[in-house]
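# Structural overview for review
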Amino acid sequence: MSIGPRARGFFEVVQGYIERAAELTRLPSHIKDILAQPKNELIVNFPVRMDDGSLRVFKGYRIQHNNIMGPYKGGVRYHHQVSLDELKGLATQMTWKCALLGIPFGGAKGGIKFNPREHSVDELRRITRRFTHALGNNIGPAHDIPAPDVGTNAQTMVWMMDTYINTGSTYEKNDQRAVVTGKTINAGGSEGREQATGQGVVYCIKEWAREARLDLEGSTAIVQGFGNVGSNTALLLAKLGVSTIATGDHTGYLRNEEGFNAHKLQEYVRTHGSIEGYPRGEQITREEFFETKADLFIPAALENQVGASEAIKLDVRLIAEGANGPINPEGEAVLADRGIPVIPDILANSGGVTVSYYEWVQNRNSEHWDAEEVQRKLLHMMRRAYQRTMFYAAEKKVNPRVAAYALALESLATSYDERGIFP
Ligand code: GLU
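Residues numbered from 1 in each chain as written. Predicted model: local features only at pLDDT ≥ 70, side-chain atom pairs only at ≥ 80, totals over all residues. Heavy atoms only, no water.

## Notes on the environment of Leu-296
Which entries qualify depends on this criterion: Strands are runs of DSSP state E lasting at least 2 residues, helices are runs of H or I lasting at least 4, and numbering of each runs from the N terminus. Three exposure classes are used, based on accessible area relative to the maximum for each residue type with a 1.4 Å probe and protein chains only: buried under 20%, partly exposed in between, and exposed over 50%. Throughout, a residue-residue contact means that at least one pair of heavy atoms, one from each residue, lies within 4.5 Å.
As for its position among the elements, Leu-296 is in strand S10 (residues 296–299). On the basis of relative accessibility, which here comes to 1%, the residue Leu-296 falls in the buried class. Residues Leu-296 and Ser-219, 77 residues apart in the sequence, show an inter-C-alpha distance of 8.2 Å. Beyond its immediate sequence surroundings of up to four residues, Leu-296 is in contact with Ile-205, Leu-214, Leu-216, Thr-220, Ala-221, Ile-222, Leu-237, Val-242, Val-316 and Leu-318.

And the structure:
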């Protein structure tokens, strides 16, 4: 998925949001300067043996943006377009996401630049283990805690955990399970983590619909991306009576006026790796996808998908950002002119890292919470963040993205203020 040449890098885009938020909060400039750059940028090159016996060298990254609120936290992305600029932007966003939600974590992001679809399960396991080994003590349960992101899943996290435990010290092995989150339940994962990001998106949509007096029962959605976030959002929306009438991924776009069976489509994507060839839908172009009239649009693929030309076509009442950074600033300006509200990524998709935090707490206390407890806690935290953001936006007359960035920045600034700068 790409929309042609990018006007500016993603890191610069995120820095632009921080600038806007800083103007609003009137921060001392040294705090903005500290937060403008990641603390650590790690790049590792490592060889892995392929199934045919050949060796291939991979480039892996871990960007640790900030840890004033707690250990670095954020996903690991496997994608052929992974770059330092992208990961710096995504790591910065994690600092803001955690601060907005009040989660005691900082921000990080990592990844490997390759296409995981071109590799066997055995190769993926060796790549993941070798990457984890190369990261060494740069990750750890009280230092930096990776999680799934684009191109990785619970299995990837279990391999990372197992490698970390087996290459580290010989005692307290069980405590080390908290080195990653998003694991399978068997390996110490949390109930509800798999659906958590979609769950959070849907909580936000419900809050908005209540205020906008939109009856979700019988309404429609278009969903870009049908991986973990897109498919779980569609599934949970279906339970509220919302039909997903168009979707798409890197292989193309499909429309079904009667609404897709989100469960069947999710199963199909799990077995086939994409929506390509799914029989119950008519093929449409990317343009037609963006023109499809619906109540809700959930971008849940990659960043920079909605520029000015997509924003002008959209015929929806609300956009909830399941992906990180799906709308670029030019697209956002068009949406603002057209009066289409956007629930911003650091709020809308924060359910994932929130349940990651619950997983980490459970691991550290040797507890296992049931699904109801996880859901109740998640709902409480998301609702609070949503209401604080919307209240701030209304009070300061700014859009919810700027409000979310400003609120998070206020709490980061308070921490710096209290601690001072060493020495
Ligand atoms: N990759 C997810 C995100 O972008 C989850 C991060 C986490 O759970 O640490 O928020």
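## Considering the packing of helix H6 (residues 193–212) against helix H13 (residues 351–365)
Condition: Whenever a helix is involved, its axis is fitted only over the stretch in contact; in every case the axis is a line through C-alpha atoms, and angles between N-to-C directions fall within 0 to 180 degrees. Each crossing gets its hand from how the near helix is turned against the far one by less than a right angle, where anticlockwise is left-handed and clockwise is right-handed.
Viewed as axis vectors pointing N to C, H6 and H13 meet at an angle of 145°, and their least axial separation amounts to 7 Å. Viewed along their axes, H6 and H13 form a crossing whose handedness is right-handed. Counted together, Arg-193, Ala-196, Thr-197 and Gly-200 of H6 and Gly-351, Gly-352, Val-355, Ser-356 and Glu-359 of H13 form the full contact between these two elements.

## Things to note about the pairing of strand S4 (residues 107–113)
Stated formally: Paired strands, in this sense, are two strands between which DSSP finds at least two bridges. By the criterion used throughout, a crossover qualifies as right-handed when its path from the first strand across the helix to the second strand runs clockwise, the strands pointing away from the viewer.
Judged by how many residues are buried, S4 sits mostly within the fold: six of seven residues are covered. Two elements, strand S2 (residues 55–66) and S4, share six bridges in a ladder whose sense is antiparallel. Residue pairing for S4: Gly-60 is matched across the bridge by Ile-112. Here strand S3 (residues 72–79) runs beside S4; their pairing, made up of four bridges, is parallel. Counted as the bridge partner of His-79 is Lys-113 from S4. Note that the unit made of S3, helix H3 (residues 84–101) and S4 has a crossover that is right-handed.

## With respect to the site of the ligand
Put simply, the test is: The cutoff for a nearby residue is simple: one of its non-hydrogen atoms must lie within 4 Å of the molecule or strand. Polar contacts here mean pairs of N or O atoms no more than 3.5 Å apart (in protein, one a potential hydrogen donor and the other a potential acceptor; neighbouring residues in sequence count only if both atoms are side-chain atoms). Each accessible area is a Shrake-Rupley result for a 1.4 Å probe, and residues are judged covered by the shown protein chains and nothing else. Charged residues are taken to be Asp, Glu, Lys and Arg, nonpolar residues to be Ala, Val, Leu, Ile, Met, Phe, Trp, Tyr, Cys and Pro, and polar residues to be all remaining types, Gly included.
Near the ligand, the surroundings consist of 14 residues, among which Lys-73, Lys-97, Lys-109, Asp-149 and Ser-356 are the closest. In this structure, an oxygen atom belonging to the ligand sits 2.9 Å away from a side-chain N or O atom of Lys-109. Contact distances for the ligand include 3.1 Å between an oxygen atom and a side-chain N or O atom of Arg-193. In isolation the ligand has 300 Å² of accessible area, and contact with the protein removes 94% of it. Where the shell around the ligand is concerned, the elements lending two or more residues are S3, H3, strand S5 (144–148) and H13. For the shell around the ligand, the per-class residue count stands at four nonpolar, five polar and five charged.

## Considerations on the side chain of Glu-303
Here Glu-303 shows up in the loop between S10 and helix H10 (308–313). We classify Glu-303 as buried; its relative accessible area is 3%. Within the structure, the side chain of Glu-303 is placed 3.1 Å from the side chain of Arg-77, a separation counted as a polar contact.

## Focus on the nonpolar core
Keep this limit in mind: Here, nonpolar core refers to any group of buried Ala, Val, Leu, Ile, Met, Phe, Trp, Tyr and Cys residues whose side-chain atoms link them within 4.5 Å.
In this structure, Trp-96, Ile-205, Leu-296, Ile-298 and Ile-343 are the most contacted members of the largest nonpolar core, which totals 90 residues. Tallying contributions element by element places helix H15 (residues 400–419) first for this core, with 11 residues. With residues near it in sequence (within four places) discarded, Ile-298 still touches Val-201, Ile-205, Ala-221, Ile-222, Val-223, Gln-224, Thr-233, Leu-237, Ala-320 and Gly-322. With 24 residues, the next largest nonpolar core counts Val-44, Val-48, Tyr-164 and Val-179 among its residues.

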